[in-house]
Structures are given as structure tokens and as C-alpha cells.
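Summary of structural features
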Amino acid sequence: MAAPLQLCEKIEYPPVYQYTGAQDGLFETCHVTDFAAALEKQGIPHKEHIVPGVDHAFDMGAKVGDGVHLNVIKPAVDWIVEVVGSS
């Protein structure tokens, strides 16, 4: 199965918002930054948020109104709505 970075060379992605923990023990942040560079090269709208001090799946326990929701998830949703609309 092809990774998103390799697929980016073959298909046109829709707008992409990525967030990850800076201390993610499963994926290096270069996966986010390399993919962002490939999206940029294709002119695809994208945004990245590398969250300092957190590991993989840090958002799993997020609750509406908590710090993760307000500072990570909500900005992602707001960006998507801004870019693709709310139809």
C-alpha cells in the first residue's frame, strides 16, 4: 500500500490539514513536513500543526471545550470549513 507522500505524486489530493505530536513515538514529524512540501508543489491547500510536548494519539481523550479541542481540533475544523465551505 502506498504512503500518502507517494500517492501525492499520482493523485490530486483535496485540501489537507495535518496535526501530530512533536514527540510522536510512531511517526517522525518529517512525515508531516515532507507531505506538506509535496502538497505545496502541487498547489493543494494545506496546513500543518505540530503540537509541542505530546506523543502519538494525544487527542484520543479530548473533550469538547478542553485544551486539545480548543487549540488543536477546533482550529483544524475551522480551517477545513474556511477552505472547502460548509455545504
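Anyway, here's the lowdown on the structure attached to this text.

Reading guide: rules and limits
- Residues numbered from 1 in each chain as written.
- Predicted model: local features only at pLDDT ≥ 70, side-chain atom pairs only at ≥ 80, totals over all residues.
- Heavy atoms only, no water.
- Helix = DSSP H or I, 4+ residues; strand = E, 2+ residues; numbered from the N terminus.
- Buried < 20%, exposed > 50% of the residue type's maximum accessible area, 1.4 Å probe, protein only.
- Contact = heavy atoms within 4.5 Å.
- Areas by Shrake-Rupley, 256 points an atom, 1.4 Å probe, with all protein chains shown as cover.
- Core = buried A, V, L, I, M, F, W, Y, C linked by side-chain atoms within 4.5 Å.
- Pairing = 2+ DSSP bridges.
- Right-handed = clockwise from strand over helix to strand, strands pointing away.

Turning our eyes to something else, we now look at the overall build of the protein chain. When helices and strands are counted, the protein chain shows 3 helices and 2 strands. The N-to-C order of helical and strand elements in the protein chain reads α-β-α-β-α. Referenced to the eigenvectors of the C-alpha coordinate spread, the extents of the protein chain come out at roughly 40 × 35 × 20 Å. Taking all 87 residues of the protein chain together, the buried fraction comes to 24%. Sequence-distant contacts, at least 24 apart, represent 68% of the contacts inside the protein chain between residues at least 6 apart. Just so you have it, the protein chain exposes about 5,900 Å², and 58% of that area is on carbon and sulfur atoms.

Time to look at the nonpolar core. Cys8, Tyr13, Val16, Phe35, Ala38, Leu39 and Ile44 form the largest nonpolar core, which has 7 residues in total. Broken down by element, this core gets its largest block of residues, 3 residues, from helix H2 (residues 30-42). In this structure Ala38 touches Leu5 and Cys8, once residues within four positions along its chain are discounted.

With 5 of 6 residues buried, strand S1 (residues 16-21) is to be regarded as a mostly interior element. Sheet topology note: the S1/strand S2 (residues 46-51) ladder contains 6 bridges and is parallel. Looking across to S2, one finds that Gly21 is bridged to Val51. You can see the chain leave S1, run along H2 and come back into S2, and the turn it takes is right-handed.

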